[in-house]
Amino acid sequence: PWIFSHTASYLATGQLPPEPAFEERVRVLNRHLDRMIEVFGEEAGCMMFRKVAPWYAKRFGPANLFNKRVVQISSRADFQGVLADYRQWRAQFLDDQGQLQPRFRPAPMNASFLAPAAGVSAIPTPKGPVERW
């Protein structure tokens, strides 16, 4: 969801802005659920949200507990309970400033449009006839 603001910032300054903080990700995650419930109703919206929530959690740091439980929600209240339990569990991985300890931080995201990956000179393509791709 931050691609447009990050792109605008990069074009304006030539520098990529920092990744969104955990609280910003949670704010957008909650808004995403609210919109899905608004459009599809609580039961169907929550069922579809089960697929979306783990995508957000990829940048949360340790999120195993969250991922296992969020795929079982069936209401907004269920989600809020899962999120509250996750926040409490996640606290063990935080430093004094409330940031993830370095060893638990996800690897920095690479902007693939800025530079090719190390050792890659071209886009890899499958070998063999086109029919077998």
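The notes below deal with the structure included here.

Criteria and cut-off values
Residues numbered from 1 in each chain as written. Predicted model: local features only at pLDDT ≥ 70, side-chain atom pairs only at ≥ 80, totals over all residues. Heavy atoms only, no water. Helix = DSSP H or I, 4+ residues; strand = E, 2+ residues; numbered from the N terminus. Buried < 20%, exposed > 50% of the residue type's maximum accessible area, 1.4 Å probe, protein only. Areas by Shrake-Rupley, 256 points an atom, 1.4 Å probe, with all protein chains shown as cover. Axes fitted to C-alpha atoms, helices over the stretch in contact; angles between N-to-C directions. Parallel < 35°, antiparallel > 145°, perpendicular 65-115°, else oblique. Left-handed = near helix turned anticlockwise from the far one by under 90°. Contact = heavy atoms within 4.5 Å. Polar contact = N/O pair within 3.5 Å; in protein donor to acceptor, adjacent residues only side chain to side chain. Salt bridge = Lys/Arg side-chain N within 4 Å of Asp/Glu carboxyl O.

### Considering the overall build of the protein
So, point 1. Across its full length, the protein carries five helices and zero strands.
So, point 2. Tracing the protein from N to C terminus, the helices and strands come up as α-α-α-α-α.
So, point 3. Burial status across the protein gives 27% buried among its 133 residues.
So, point 4. Put simply, the protein shows about 9500 Å² of open surface, and 57% of that area lies on carbon and sulfur atoms.

### Concerning the packing of helix 2 (residues 22-40) against helix 5 (residues 76-90)
The relative placement of two packed helices comes down to the angle between their axes together with the axis-to-axis distance.
So, point 1. Where helix 2 contacts helix 5, the axes come no closer than 11 Å and their chain directions differ by 170°. The orientation of helix 2 relative to helix 5 falls into the category roughly antiparallel. As for how helix 2 packs across helix 5, the hand of that crossing is right-handed. Where helix 2 approaches helix 5, its residues Phe22, Glu23, Val26, Leu29, Asn30, Leu33, Asp34 and Ile37 are matched on the opposing element by Arg76, Phe79, Gln80, Leu83, Tyr86, Arg87 and Arg90.

### Focus: the environment of His32
So, point 1. Along the chain, His32 turns up in helix 2.
So, point 2. Its relative accessible area of 27% is what places His32 among the partly exposed residues.
So, point 3. Between the alpha carbons of His32 and Ala53 there is a distance of 9.1 Å; along the sequence they are 21 residues apart.
So, point 4. Contact partners of His32, with chain neighbours within four places excluded, come to Phe49, Val52 and Tyr56.
So, point 5. A polar contact of 2.7 Å, which involves the side chain of His32, links it to the side chain of Tyr56.

### Let's talk about the environment of Leu29
So, point 1. Mapped onto the elements, Leu29 comes out in helix 2.
So, point 2. Along the chain, Leu29 and Ala53 lie 24 residues apart, while their C-alpha atoms are 7.1 Å from each other.
So, point 3. If sequence neighbours within four positions are ignored, Leu29 has contacts with Phe49, Ala53, Tyr56, Phe60, Phe66 and Phe79.

### Considerations on the pattern of salt bridges
So, point 1. Taken as a whole and assessed by the stated rule, the structure comprises seven salt bridges.
So, point 2. Where Arg87 meets Glu23, a salt bridge forms, and the shortest distance between an N and an O atom there is 2.7 Å. Of this pair, Arg87 sits in helix 5 while Glu23 sits in helix 2, and the two are 64 residues apart along the sequence.
So, point 3. Accessibility expressed as a relative area gives 32% for Arg87, which makes it partly exposed.
So, point 4. For Glu23, a relative accessible area of 46% translates into the label partly exposed.
So, point 5. A salt bridge links Arg35 to Glu38, with the shortest nitrogen-to-oxygen separation between them at 3.5 Å. Taken together, the residues span about one helical turn, with Arg35 and Glu38 both in helix 2 at a distance of three residues.
So, point 6. One connected set of salt bridges, linked through shared partners, spans Glu19, Arg25 and Arg59.

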